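As a plain string of letters, each chain reads:
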Amino acid sequence: NAGVMQNPRHLVRRRGQEARLRCSPMKGHSHVYWYRQLPEEGLKFMVYLQKENIIDESGMPKERFSAEFPKEGPSILRIQQVVRGDSAAYFCASNTQGANTEAFFGQGTRLTVV
Amino acid sequence: GQQVMQIPQYQHVQEGEDFTTYCNSSTTLSNIQWYKQRPGGHPVFLIQLVKSGEVKKQKRLTFQFGEAKKNSSLHITATQTTDVGTYFCAVRERGSTLGRLYFGRGTQLTVWP
């Protein structure tokens, strides 16, 4: 049972370009979360999705950021017109139905905007 | 939303010394989770505490949940270089079993050989 898969592991984008980060949850998991981590900081929640639904996007910046989790395929976090401040590690986590279950994290995508 | 304060932010110890990190909340928590993140790695779940006054052990790691369920601690006895990393506490959205996690800022542990 493969874990949470994220790709790419490292992504370099110039200012103004688009960044697409992909996340495939663990097999059988239908709940996906995206978190952002700045250097030497904790993880900040961005968005929580289930298949074809956004459940909670309260942590997502209003502009330039969007997320989806289609019926088929991975969840995508999309950042348009990236700026230097978007440079961070972006982690995806998944879990499944159950009381207070742990989150399984992917290895993250380290985004660098130059 | 939920907030947890975690201290200290950094801890440097000699191998063999003990280490403790603390998480505090102003509100009563339904449960608390602990994660470890190695340098350059991703968070890995360690444990979840649910009951008031609960104490759980994993080898040299001891986890406690306060009687009032407002604080928690992680204690490592006789640290080893393999313990290096950042330890985070995290709590779920109040009343939720699947909602977002609120993370503490983490305690970065360095162990000198």
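## Some points on the interface of chain A and chain B
Chain A puts 26 residues into the contact, and the matching count from chain B is 25 residues. Carbon and sulfur atoms make up 47% of the area that chain A and chain B hide from each other, which totals about 2,000 Å². Among the ionic pairs, Glu41 of chain A bridges to Arg105 of chain B, the shortest N-O distance being 3.0 Å. A per-element tally of the side of chain A that touches chain B places strand 4 (residues 31–37) of chain A first, with four residues. Residue composition of the side of chain A that touches chain B, by class: nine nonpolar, 12 polar and five charged.

## Thoughts on the environment of Phe45 of chain A
Within the fold, Phe45 of chain A resides in strand 5 (residues 43–50). Under the relative-accessibility criterion, Phe45 of chain A is labelled buried at 5%. Taking the C-alpha atoms as reference points, Phe45 of chain A and Ser58 of chain A, separated by 13 residues in sequence, lie 8.4 Å from one another. If sequence neighbours within four positions are ignored, Phe45 of chain A has contacts with Tyr33, Trp34, Tyr35, Asp56, Ser58 and Gly59 of chain A together with Arg100 and Leu101 of chain B.

## So, the packing of aromatic side chains
Residues and elements named next belong to chain A. Evaluated as defined, the whole model comprises 11 aromatic pairs over all chains. On the basis of an interplanar angle of 70 degrees and a centroid distance of 5.9 Å, the ring pair of Tyr35 and Phe45 is categorised as edge-to-face. Pair noted here: Tyr35 is in strand 4 and Phe45 is in strand 5, with a separation of 10 residues, a long-range link. Note on Tyr35 and Phe105: the rings are 5.8 Å apart at their centroids and 50 degrees apart in plane angle, and the pair reads as tilted. You can see Tyr35 sitting in strand 4 and its partner Phe105 sitting in strand 10 (residues 104–105), a full 70 residues away along the chain. Overall, the relative accessible area of 7% leaves Phe105 in the buried class.

Rules of the game
- Residues numbered from 1 in each chain as written.
- Chains lettered and ligands numbered in written order.
- Predicted model: local features only at pLDDT ≥ 70, side-chain atom pairs only at ≥ 80, totals over all residues.
- Heavy atoms only, no water.
- Contact = heavy atoms within 4.5 Å.
- Buried area = accessible area lost by both parts, 1.4 Å probe.
- Salt bridge = Lys/Arg side-chain N within 4 Å of Asp/Glu carboxyl O.
- Helix = DSSP H or I, 4+ residues; strand = E, 2+ residues; numbered from the N terminus.
- Nonpolar A, V, L, I, M, F, W, Y, C, P; charged D, E, K, R; others polar.
- Buried < 20%, exposed > 50% of the residue type's maximum accessible area, 1.4 Å probe, protein only.
- Phe/Tyr/Trp six-rings, centres within 6.5 Å; stacked < 30°, edge-to-face > 60°.

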